[in-house]
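Residues per chain are reported as follows:
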Amino acid sequence: MNSSRPQSFGQTEINWDKLDKRKFYVVGAGLFTGVTVALYPVSVVKTRLQVATKDSVEKSAYSVVRGLLKSEGVPGLYRGFGTVITGAIPARVIFMTSLETTKAAAFKMIEPFKFSEPTQAAIANGLAGMTSSLFSQAVFVPIDVVSQKLMVQGYSGHAKYSGGLDVARKLVKADGIRGLYRGFGLSVMTYSPSSAVWWASYGSSQRVIWRSLGYGTEQNKALVPDPWTVVLVQASGGIVAGSVASCITTPLDTIKTRLQVLGHEKRETAGQVVRKLIAEDGWKGFYRGLGPRFVSMSAWGTSMILAYEYLKRLCAKDYA
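Computed from a predicted model, the values in this text were never measured in an experiment.

A closer look at the UniProt feature "transmembrane region" (unreviewed entry) in the protein
Thinking step 1. The feature "transmembrane region" (unreviewed entry), as annotated in UniProt, sits at residues 24-42 in this numbering.
Thinking step 2. For residues 24-42, helix accounts for 100% and strand for 0%, while the C-alpha atoms at its two ends are 27 Å apart.

This is how it looks when you write it as structure tokens:
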């Protein structure tokens, strides 16, 4: 198999059963940890903007970054990072496994319907993205809750903690285990559709781009693109997917984030959070942090998909 060819051609798809699983997980953990290190500060900035009150001094991404660097230096941009890395590895193992297995099953399921290639890719990738997100939320939500409290500690009136274990201990003491799953329903409602939209957009846009470049047509079935063209097409698909997903799901993400970082004494419901956002900023309040989230999803998505596609080529059993 020449695995540098685009996955928009069925005969070159690197299927789950073609991968060296142990290598896939070990190398994948390293690759995605590197991507997380590079993009984590964007998540910190996005989270702070989403929980800011109308009286907050820092109301732009620039002012948040400047304030963190002034008070804590570069480490301030990595608040909660240790917690995220600890939980991210098992969450990603679950995500990647369910993504690949579900995608393969979905392609087989919809094959008899004879949809166009972009439509098939959108359906199969979308189902796989949604399913894998659902499975990984059980691990990811507690990590998300703890890390976000660390990200905003001392900001806009939020409590301070000595570390991730201190957050977890206080949450469990106040609310039991369910305290670690605060906003779980909204997390599922946010990340599952977001994952579905992201993967569907990526799968279909990538195939549309390949077609527009003349690859995979009846006249050019045997045409093989160079590796840099493959990377550019995959990166373009990642940008498109990040743009679409961030615009659609930011309102739910804002509500979820505010619910998860509320102090123990402020037990607001999702409805109360919605009303408060509208009272403070009108409907635009639901799009707090849209800029950083757009950058985060586009940058993370593009970096992640390039790393992921490279990982699959690297771990293909017949890769040469």
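Right, picking up where we left off after that structure.
Some remarks on the environment of Trp-300
Thinking step 1. Along the chain, Trp-300 turns up in helix α9 (residues 290-315).
Thinking step 2. Overall, Trp-300 belongs to the partly exposed group, its relative accessible area being 27%.
Thinking step 3. Sequence-wise, Trp-300 and Gly-242 are 58 residues apart; in three dimensions their C-alpha atoms are separated by 8.2 Å.
Thinking step 4. In contact with Trp-300, other than residues within four places in its own chain, are Phe-32, Val-35, Thr-36, Leu-39, Arg-92 and Val-295.

Quick look at the side chain of Gln-120
Thinking step 1. Note that Gln-120 resides in helix α4 (residues 117-152).
Thinking step 2. Side-chain polar atoms of Gln-120 contact the backbone oxygen of Phe-115, separated by 3.0 Å.
Thinking step 3. Ignoring any residue separated from it by four or fewer positions in sequence, one finds Gln-120 in contact with Phe-107, Ile-110, Lys-114 and Phe-115.

Section: the packing of aromatic side chains
Thinking step 1. Taken as a whole and judged by the stated rule, the model has twelve aromatic pairs.
Thinking step 2. Pairing Tyr-181 with Phe-184 gives two aromatic rings, centres 5.7 Å apart and planes at 70°, and the pair type is edge-to-face.
Thinking step 3. We classify Tyr-181 as partly exposed; its relative accessible area is 30%.
Thinking step 4. Where Trp-198 meets Tyr-202, the ring centres are 5.4 Å apart and the plane angle is 20°; that geometry is what we call stacked. Remark: Tyr-202 and Trp-198 occur in helix α6 (residues 184-212); sequence separation between them is four residues, near one turn of the helix. Note on accessibility: Trp-198 and Tyr-202 belong to one class, buried.
Thinking step 5. Taken together, the ring pairs connect Phe-24, Tyr-25, Trp-198, Trp-199, Tyr-202 and Tyr-308 into an aromatic cluster.

Quick notes on unusual backbone geometry
Thinking step 1. A positive phi angle is found at Lys-114, which is not glycine, with a value near 55°.
Thinking step 2. Mapped onto the secondary structure, Lys-114 falls in the loop between α3 (81-110) and α4.
Thinking step 3. Of the residues examined, Lys-114 reaches a relative accessible area of 68% and is grouped as exposed.

Side note on the packing of α3 against α4
Thinking step 1. Their axes nearest at 7 Å, the elements α3 and α4 cross at an angle of 165°. Taken together, the axes of α3 and α4 lie roughly antiparallel to each other. The crossing of α3 and α4 is right-handed.
Thinking step 2. Residues that form the contact of α3 with α4 fall into these classes: 20 nonpolar, twelve polar and one charged.

A few points about the nonpolar core
Thinking step 1. The biggest cluster of nonpolar side chains holds 22 residues, and the ones touching the most others in it are Phe-24, Phe-32, Trp-198, Trp-199 and Tyr-308.
Thinking step 2. Those elements that provide at least two residues to this core are α1 (21-51), α3, α6, α7 (227-261) and α9.
Thinking step 3. Top contributing element to this core by residue count: α9, with seven residues.
Thinking step 4. Ignoring any residue separated from it by four or fewer positions in sequence, one finds Phe-24 in contact with Trp-16, Leu-19, Met-96, Tyr-308, Leu-311, Lys-312 and Cys-315.

Focus on the environment of Val-42
Thinking step 1. Positionally, Val-42 belongs in helix α1.
Thinking step 2. With residues near it in sequence (within four places) discarded, Val-42 still touches Pro-292 and Ser-296.

Structural notes on the side chain of Gln-206
Thinking step 1. Along the chain, the position of Gln-206 falls in helix α6.
Thinking step 2. We classify Gln-206 as buried; its relative accessible area is 1%.
Thinking step 3. Setting aside residues no more than four positions away along its own chain, Gln-206 makes contact with Ser-201, Val-233, Gln-234 and Glu-309.

Notes on α6
Thinking step 1. Compared with the 42 Å implied by 1.5 Å per residue over 29 residues, the 41 Å span of α6 between its first and last C-alpha is a close match.
Thinking step 2. For α6, the tally of buried residues reaches 21 of 29 residues, placing the bulk of the element in the interior.
Thinking step 3. Looking at the residues trailing α6, positive phi occurs at Gly-214, about 95°.

Conventions used here
Residues numbered from 1 in each chain as written. Predicted model: local features only at pLDDT ≥ 70, side-chain atom pairs only at ≥ 80, totals over all residues. Heavy atoms only, no water. UniProt positions renumbered as here; feature names shortened; annotations may be inferred. Helix = DSSP H or I, 4+ residues; strand = E, 2+ residues; numbered from the N terminus. Buried < 20%, exposed > 50% of the residue type's maximum accessible area, 1.4 Å probe, protein only. Contact = heavy atoms within 4.5 Å. Polar contact = N/O pair within 3.5 Å; in protein donor to acceptor, adjacent residues only side chain to side chain. Phe/Tyr/Trp six-rings, centres within 6.5 Å; stacked < 30°, edge-to-face > 60°. Axes fitted to C-alpha atoms, helices over the stretch in contact; angles between N-to-C directions. Parallel < 35°, antiparallel > 145°, perpendicular 65-115°, else oblique. Left-handed = near helix turned anticlockwise from the far one by under 90°. Nonpolar A, V, L, I, M, F, W, Y, C, P; charged D, E, K, R; others polar. Core = buried A, V, L, I, M, F, W, Y, C linked by side-chain atoms within 4.5 Å. Expected span 1.5 Å × (residues − 1).

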